[in-house]
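Structure assessment
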Amino acid sequence: MSLLANLDGVNLWVVALVLFVAGCVYLLPSVVAASTRHRHTAAIAALNVLLGWTIAGWLIAFVWALVNPVRRPQGHATR
């Protein structure tokens with residue numbers, strides 16, 4: 001028998017909620033990079049999706065998303 005076949009309606013909602021929250025946490029580095037307009041958003045998202053299932057891959061993607069996230073506008077001098 002399937003594991004999901006043994007779940008009643010309430011437990012199925014709990015499983016769905018847990019999977020949704022886990023998916024959101026899993027993709028958190030990609031969301032952070034995209035929302036802060038990180039210059040390497042695509043690379044961070046690729047690392048997150050491909051290696052995020054390892055704790056090290058997820059941590060590297062998350063730290064990378066937090067480090068120097070804002071793109072500088074073209075043509076502006078830096079201090």
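Note: the structure precedes this text.
Below is a summary of the structure that appears in this document.

Reading the values: the criteria
- Residues numbered from 1 in each chain as written.
- Predicted model: local features only at pLDDT ≥ 70, side-chain atom pairs only at ≥ 80, totals over all residues.
- Heavy atoms only, no water.
- Helix = DSSP H or I, 4+ residues; strand = E, 2+ residues; numbered from the N terminus.
- Buried < 20%, exposed > 50% of the residue type's maximum accessible area, 1.4 Å probe, protein only.
- Contact = heavy atoms within 4.5 Å.
- Phe/Tyr/Trp six-rings, centres within 6.5 Å; stacked < 30°, edge-to-face > 60°.
- Axes fitted to C-alpha atoms, helices over the stretch in contact; angles between N-to-C directions.
- Parallel < 35°, antiparallel > 145°, perpendicular 65-115°, else oblique.
- Left-handed = near helix turned anticlockwise from the far one by under 90°.
- Nonpolar A, V, L, I, M, F, W, Y, C, P; charged D, E, K, R; others polar.
- Patch = residues over 30% accessible without salt bridge, like charges linked within 9 Å, V, L, I, M, F, W, Y side chains within 5 Å.
- Areas by Shrake-Rupley, 256 points an atom, 1.4 Å probe, with all protein chains shown as cover.
- Salt bridge = Lys/Arg side-chain N within 4 Å of Asp/Glu carboxyl O.

Considering the overall build of the protein
Scanning the protein for helices and strands turns up four helices and zero strands. Starting at the N terminus and walking to the C terminus, you meet the elements of the protein as α-α-α-α. Here the protein holds 79 residues, and the buried ones make up 16% of them. Considering only contacts in the protein between residues 6 or more positions apart, those separated by 24 or more positions represent 51%.

Here's the deal with the packing of aromatic side chains
Applying the stated criterion across every chain, the model contains one aromatic pair. Ring centres 5.1 Å apart and planes at 15° place the aromatic pair Trp58 and Phe62 in the stacked group. With Trp58 and Phe62 both in helix H4 (residues 55–66) and four residues apart, this pair spans about one turn of that helix. The class of Phe62 is partly exposed, set by a relative accessible area of 21%.

Description of the packing of helix H2 (residues 28–35) against H4
Contact pair H2 / H4: the axes reach a minimum separation of 8 Å and the direction vectors enclose 15°. Here H4 runs roughly parallel to H2, going by the angle between their axes. For H2 against H4, the interelement crossing comes out left-handed. Contacts from Leu28, Pro29, Val32 and Ala33 of H2 reach H4 at Trp58, Ala61, Phe62, Ala65 and Leu66. Tallied by class, residues from the contact of H2 with H4 come to nine nonpolar, no polar and no charged.

What about a nonpolar patch on the surface?
Residues Leu27, Val31, Val49, Leu50, Leu51 and Trp53 make up a contiguous nonpolar surface patch of roughly 630 Å² in combined accessible area. When residues in the nonpolar patch are grouped by element, the largest group, three residues, is from helix H3 (residues 41–51). The exposure class of Trp53 is exposed, given its relative accessible area of 64%.

Re unusual backbone geometry
A positive phi angle, near 55°, is found at Arg37, a position not held by glycine. Secondary-structure assignment places Arg37 in the loop between H2 and H3.

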